[in-house]
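Coordinates in review
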Amino acid sequence: MISRLTIFQNLCKKCINNKRYYSNGNNFLKNNTTNIVNRQEDPPKLSLEKDTIYSLASGVGKSGVAVIRVSGSQSKEVLKGLVNKKESEFKPRYATIGTFFHPLTKEAIDKGMFIYFKSPHSFTGEDVVEFHIHGGRAVIHDTLDAISSIGGTRTSQPGEFTKRAFDNGKMDLSEVEGLADLIDSQTHHQRKIAFNQMQGSISRFYYQLREDLIRSSAYMEAYIDFGEDAELDPEIVEQSKNRIIGIRDRIQSHLNDGKRGERLRQGAQVTILGPPNAGKSSLINLLTNRKVSIVSPIPGTTRDIIEAMLDIGGYPVIIGDTAGIRQSSDTIELEGVQMAKERSETSDLSLCVLDASQLIEQQTSNSQLDNELLNIINSNTIFIFNKMDIINESPLKKEIWGRKKLEILDNIVKHVNETRKHIDKVYGKDSIQSVEISCIDNMNIRQLLDYLQKSLENLFECQEQDSPLLTRMRYKEALINCVESLDRYLYFHDSDIVIASEELRSAIKSIGEITHSSNIDDLLDIIFKDFCIGK
Ligand SMILES: Nc1nc2c(ncn2[C@@H]2O[C@H](COP(=O)(O)OP(=O)(O)OP(=O)(O)O)[C@@H](O)[C@H]2O)c(=O)[nH]1
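Note that the structure is a prediction, hence the values are computed from the model and not measured. Residue numbers here run from 1 along each chain, matching the order of that chain's written sequence. The model is predicted, so local features are restricted to residues of pLDDT at least 70 and side-chain atom pairs to those at 80 or more, both for listing and for counting; the totals for chains, interfaces and linings are taken over all residues. Side-chain figures throughout are based on the complete set of non-hydrogen atoms in the structure, without hydrogens or water.

**Some details on the site of the ligand**
What makes a residue near a molecule or strand is one non-hydrogen atom of that residue sitting within 4 Å of it. Around the ligand, 23 residues are found, and the nearest of them are K280, S281, S282, G300 and C439. Two N or O atoms count as a polar contact when they lie within 3.5 Å, although within protein this holds only if one can serve as hydrogen donor and the other as acceptor, and sequence-adjacent residues are included solely when both atoms are side-chain atoms. Within the side chain of K387, an N or O atom sits 3.0 Å from an oxygen atom of the ligand. D389 places a side-chain nitrogen or oxygen 2.8 Å from a nitrogen atom of the ligand. For the ligand, the protein covers 89% of the area, taking 650 Å² as the surface of the free molecule. A 1.4 Å probe and the Shrake-Rupley method give the accessible areas. Residues count as covered only by the protein chains that appear here.

**Re unusual backbone geometry**
Cis geometry marks the peptide bond from S119 to P120; its omega dihedral reads 5°. Comment: elements are numbered from the N terminus, with helices defined as DSSP H or I runs of at least four residues and strands as E runs of at least two. On the secondary structure map, P120 appears in the loop between β6 (108-117) and β7 (128-135). Unlike most non-glycine residues, N289 shows phi in positive territory, near 65°. Checked against the element boundaries, N289 lands in the loop between α11 (280-288) and β10 (306-312). Exposure is judged per residue with a 1.4 Å probe applied to protein chains only, and the accessible area is read against the type maximum: over 50% gives exposed, under 20% gives buried, and values in between give partly exposed. Note on N289: relative accessible area 71%, which makes it exposed. In this model, N444 sits at a positive phi of 60°, which is unusual for a non-glycine residue. Positionally, N444 belongs in the loop between β14 (433-436) and α17 (445-460).

**So, the sheet that holds strand β3 (residues 52-56)**
We call two strands paired when DSSP finds no fewer than two bridges between them. A sheet is described by the order of its strands in space; here six strands give the open sequence β5-β6-β7-β4-β3-β8, paired in mixed fashion. One side of each edge strand has no neighbouring strand; the edge strands of this open sheet are β5 (95-101) and β8 (153-155). Ignoring strand direction, the axes of neighbouring strands in this sheet form an average angle of 30°. Looking at chain direction, β3 and β8 are connected through three bridges and run parallel. By the bridge assignment, I53 is partnered in β8 with R154. Any two residues whose heavy atoms approach within 4.5 Å are treated as being in contact. To get an axis, fit a line to the C-alpha atoms, keeping to the stretch in contact for a helix; angles then go from 0 to 180 degrees between the N-to-C directions. Packing of helix α4 (residues 137-148) onto the sheet brings it into contact with β3, β4 (63-71), β5, β6, β7 and β8, and relative to β7 it is tilted by some 150°. Set on the sheet, helix α5 (residues 160-167) makes contact with β3, β4 and β8; between it and β3 the angle comes to about 140°.

**Side note on the pairing of β6**
Both β5 and β6 contribute to a ladder of seven bridges, which runs antiparallel. Across the sheet, residue G98 finds its bridge partner in β6, namely G112. The hairpin turn running from β5 into β6, its antiparallel successor, is six residues long, and K106 in that turn takes a positive phi close to 65°. With five bridges joining them, β6 and β7 adopt antiparallel strand pairing. Residue pairing across strands places M113 opposite H132, the latter belonging to β7.

**Focus: the pattern of salt bridges**
Pairs may arise between side chains of opposite charge once their charged atoms sit close together. By salt bridge we mean one thing: a side-chain nitrogen of Lys or Arg within 4 Å of a carboxyl oxygen of Asp or Glu. Summed over the entire model, instances satisfying the criterion amount to 29 salt bridges. We note a salt bridge from D181 to R265, for which the minimum N-O separation is 3.0 Å. Taken together, the residues D181 in helix α6 (residues 173-184) and R265 in helix α10 (residues 260-266) connect sequence positions 84 residues apart. With a shortest N-O distance of 2.9 Å, R505 and E502 are connected by a salt bridge. Of the two residues, R505 and E502 are both situated in helix α19 (residues 497-515); the distance of three residues between them amounts to about one turn of the helix. Overall, E502 belongs to the partly exposed group, its relative accessible area being 45%. Linked through salt bridges whose partners overlap, the residues forming this network are D51, E126, R154, E160 and R164.

**Quick word on the packing of helix α9 (residues 235-255) against helix α18 (residues 473-492)**
Between α9 and α18, whose axes approach to 10 Å, the crossing angle comes to 150°. Put simply, α9 runs roughly antiparallel to α18. In this structure, the crossing between α9 and α18 has a hand that is left-handed. Listed contacts from α18 to S240, K241, I244, I245, R248, I251, Q252, H254 and L255 of α9 are K476, L479, I480, C482, V483, L486, D487, Y489 and L490. The labels follow the angle: roughly parallel below 35 degrees, roughly antiparallel above 145, roughly perpendicular from 65 to 115, and oblique for the rest. A clockwise turn of the near helix away from the far one marks a right-handed crossing, whereas an anticlockwise turn of less than a right angle marks a left-handed crossing.

**Quick word on a negative patch on the surface**
Surface patches are drawn from residues lacking salt bridges whose relative accessible area is over 30%; two like charges belong together within 9 Å, two nonpolar side chains (Val, Leu, Ile, Met, Phe, Trp, Tyr) within 5 Å. Just so you know, the count uses Lys and Arg for positive and Asp and Glu for negative, and it drops His and the chain ends. To locate a charge, the coordinates of NZ of Lys, CZ of Arg, CG of Asp or CD of Glu are taken. A cluster of like negative charges, contributed by D304, E335, E342 and E345, occupies part of the molecular surface. Residue placement: E342 occurs in helix α12 (residues 331-346). Residue classification places E342 among the partly exposed positions, given a relative accessible area of 46%.

**Quick look at the nonpolar core**
One broad trend across soluble globular proteins is that nonpolar side chains are buried collectively. Core analysis: the largest hydrophobic core is formed by 31 residues, its most contacted members being L283, L287, I319, L351 and L456. Where this core is concerned, the elements lending two or more residues are β9 (268-273), α11, β10, β11 (315-321), β12 (349-355), β13 (381-386) and α17. For this core, the element with the most residues is α17, which contributes seven residues. Leave out the neighbours within four places in its chain, and L351 touches V270, T271, I272, L273, L283, I319, I382, I384 and L452. Here, the term nonpolar core denotes a set of buried Ala, Val, Leu, Ile, Met, Phe, Trp, Tyr and Cys residues that are joined through side-chain atoms within 4.5 Å.

**What about the packing of α6 against helix α7 (residues 188-198)?**
Relative to each other, α6 and α7 sit at 150°, their axes nearing to 7 Å. Judged by the inter-axis angle, α6 sits roughly antiparallel to α7. The interaxial crossing formed by α6 with α7 has left-handed handedness. Contact residues: α6 offers S174, E175, E177, G178, L179, D181 and L182, while α7 offers R191, A194, F195, Q197 and M198.

**A few points about the environment of P275**
Looking at where P275 falls in the secondary structure, it is placed in the loop between β9 and α11. Linking P275 and L354, residues 79 residues apart in sequence, is a C-alpha distance of 6.8 Å.

Remember, this is a structural readout, not a statement about activity or role.
Have a look at this one:
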């Protein structure tokens, strides 16, 4: 005879293997609360109009080749209208050469290539046709006009092709976001992370976590419904609790990524700071290879923060030139100094530019490095000794500089250790990162860039190779909600198993939000707002 325990265990298995079922105490029923466990099988349906849409998918402007994309039930009609070929020649996923005619005037527009993708094996999941034509304005205009003459077609909205791909279950939300990031990516590492996300790296990771939680919740649900009857060993519930603690800890350590994902997506912040006239604007111009900031011998020229985007070894960087830090009675300059300090505080790296030629002239070793400047130094500060061309002019200056530099470094170490404002351990001379450069002679700029690249590599270094980077605040919020629910689940676990189980469901729901949000329309609007028309 089958024991009640075996029946219970079989029910648990059934519940786990088929997430469409839940227990009502007697039977496993089809799940009506599908928003909890059934999201990924049934992506939310959007009320999209099902016209056939078309638009230029390649960039605007003159080009060798342009691609026009058509998606929807009329795609084949569009193809028949423009191409003088039999339907049997529309072999799916084959590139075919053809002349394209205007369906109304019968005039030949261009000779190019077309590809027919039969539903559901296309980007959108619908019938899709791509026309590869010559990229002249008139060719594009006349081809679009030809397509518009076919009934049931209209031009697409920004991101509408991708919306349809999402609607038809071809992509989930995080994959759509990955695609948006891929199109926006400007550096090697941004492209890499976006491509992986588009290919489902994030989805797989969260689906797995969600799956593990569902598995554990299934044991609990079954226990609630059958536990007392079946006189079960509470060991089973204890085991699932331990598994949930493990999942909670995995999510928590995934959350502690030091904002690496967001930084990689948006760019690391680097601030150039230092006293007036040290060469900060000259440095930003040199690094960006263009004149972004005004260079002048008048101290206090830069007032605002001047930002520019840089690609350093494939890492995106938002570098900012700031007002020279000094005491001033000028309120506008003071405002600039305050902004410089604030940006530096929140930056991933700071480049503190000092004028070496001035430093050797000064009696006290750190008159350029007054307390105001020293107070913003932290372990992410790299010291740049600029104007080395002047030092290198004479052996005497070089000799003085050798001694002066050691004195300066000693002073920095002393100050930082005394204030201990930004560091948690005793700071030594070897903790100070410094580079000697000349903006005028382009001296050691390559070395500085290598230095910066190494610092960025450390900043972005993956501690946990098996989990993807958290590229968006939205993911972080969903995970924090999930951890909070799991904490409440653990709190109620021994006193009220029903509340505990409710919290577990809420944790599962939070993770599901990453790939299939309940706020789907608002979110899609945000994501697609920046998409181009043909995507
Ligand atoms: N000899 C020499 N002069 C330099 C070098 N770098 C900058 N200068 C000069 O130093 C002066 C100040 O340069 P800026 O780049 O405007 O300095 P800044 O730190 O941005 O100055 P503020 O806007 O006042 O904060 C200019 O006359 C530059 O040409 C260098 O490497 N060698």
